[in-house]
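Chain and residue survey
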Amino acid sequence: MKALLNTLTALTLGALALTAQAEALKVMTSGGFTAAYKLLGPQYARQSGDTLETLLGPSMGKAPEAIPNRLARGEQADVVIMVGYALDELIKQGKVDPASRVELADSRIGLVVRQGAPKPAIGTDAELKAVLSQAKSIAYSDSASGVYVEKELFKKLGMPAKGSMIERLPVAEQVAKGDYEVGLQQVAELLPVPGVTYVGKLPEDVQSVTRFAAGIPVNAEHPTQARALLHYLASPEAQPVVQSTGLDSVSR
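Since this is a predicted model, take the numbers as computed values, not measurements.

**Re the sheet that holds strand 3 (residues 79–83)**
Spatial ordering of the open sheet is given by 2-1-3-10-4-11, a layout of six strands whose pairing is mixed. The open sheet is flanked by strand 2 (51–56) and strand 11 (248–249), the only strands paired with a single partner. Pairing between strand 3 and strand 10 (residues 210–215): four bridges, direction antiparallel. Considered in strand 10, the bridge of Val-80 is made with Gly-215.

Dropping the structure here:
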């Protein structure tokens, strides 16, 4: 009995210690990994006891919500989740601890049309070129995928660049409202939006694969808990959730 009481006491003290150590983590995340994070974050919070305050914003661009702009204004964060090369730039600037960098997932670009519109074929370069050439209006994002579409995709397809870069707002929402006929963005950002039909990923030879990564800013208030969160997001047990949102797991 005494041994049982000692065990129960130890467990109680352990639980109290965990409760005492629980922290409120501030997480800045950009679009491509957000759907996975919104599923994995609550799971982590339940397991760890930590709470997560989430701030959304693109990995780059002029919008005030963009993660680099938030950090430049002095906003504090414990974790930033963003396009890998944008994170690397923050590391070069001394704003993110280089030893904290964790690779999370690969993201590919997909295409949507408004729900109820005919679903076009885009399985080959020629089919994709025909769809984009005939589209009266095209929308793409102001983050990594949109930069690729504007600067490289049209050139690879041998056609003039066309369309509009949408700042901050989800591209699929603009297509769902009927403001644009075709939307191009990372698949994980297209799938959660109602009112559109997901057509598919771009052909692989004209595809752009964006690596999402995460790190801990040098001004993080809770770096130990932040490392635990990053370990969880990159863990094997998280991968089925990551893949369910349209992302591809990183080969390790």
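**Concerning the packing of aromatic side chains**
What the rule picks out here adds up to one aromatic pair. Between Tyr-44 and Tyr-232, the ring centres sit 5.7 Å apart and the planes meet at 45°, which makes this aromatic pair tilted. A residue pair is termed long-range when its members are at least 10 positions apart, and Tyr-44 in helix 2 (residues 31–48) and Tyr-232 in helix 9 (residues 223–233) qualify at 188 residues. The class of Tyr-44 is buried, set by a relative accessible area of 6%. Residue Tyr-232 is classed as buried on the basis of its relative accessible area of 8%.

**Quick notes on the pairing of strand 10**
A large share of strand 10 lies buried, amounting to five of its six residues. As paired strands, strand 4 (residues 102–107) and strand 10 are joined by five bridges and run antiparallel to one another. The residue bridging Val-102 from the neighbouring strand is Ala-214, located in strand 10.

**Re the domain arrangement of the protein**
Domain boundaries assigned for the protein yield domain 1 (24–106 + 211–249) and domain 2 (107–206). The centre of domain 1, based on its C-alpha atoms, is set 26 Å off from the matching centre of domain 2. Contacts between domain 1 and domain 2 engage 16 residues on the former and 13 residues on the latter. Contact between domain 1 and domain 2 buries roughly 1,200 Å² in total, counting both sides, with carbon and sulfur atoms accounting for 56%. On the surface where domain 1 and domain 2 come into contact, there are two salt bridges. Measuring nitrogen to oxygen at the nearest pair gives 2.6 Å for the salt bridge that ties Arg-108 to Asp-248. Scanning the region where domain 1 abuts domain 2 turns up one residue pair in polar contact (both at pLDDT 80 or more). For the side of domain 1 that touches domain 2, the secondary structure elements donating two or more residues are helix 2 and strand 4. Among the elements that take part in the side of domain 1 that touches domain 2, helix 2 stands out by supplying three residues, more than any other. The residue makeup of the side of domain 1 that touches domain 2, split by class, is eight nonpolar, five polar and three charged.

The rules behind each value
- Residues numbered from 1 in each chain as written.
- Predicted model: local features only at pLDDT ≥ 70, side-chain atom pairs only at ≥ 80, totals over all residues.
- Heavy atoms only, no water.
- Pairing = 2+ DSSP bridges.
- Helix = DSSP H or I, 4+ residues; strand = E, 2+ residues; numbered from the N terminus.
- Phe/Tyr/Trp six-rings, centres within 6.5 Å; stacked < 30°, edge-to-face > 60°.
- Buried < 20%, exposed > 50% of the residue type's maximum accessible area, 1.4 Å probe, protein only.
- Domains from an automatic or database assignment.
- Contact = heavy atoms within 4.5 Å.
- Buried area = accessible area lost by both parts, 1.4 Å probe.
- Salt bridge = Lys/Arg side-chain N within 4 Å of Asp/Glu carboxyl O.
- Polar contact = N/O pair within 3.5 Å; in protein donor to acceptor, adjacent residues only side chain to side chain.
- Nonpolar A, V, L, I, M, F, W, Y, C, P; charged D, E, K, R; others polar.

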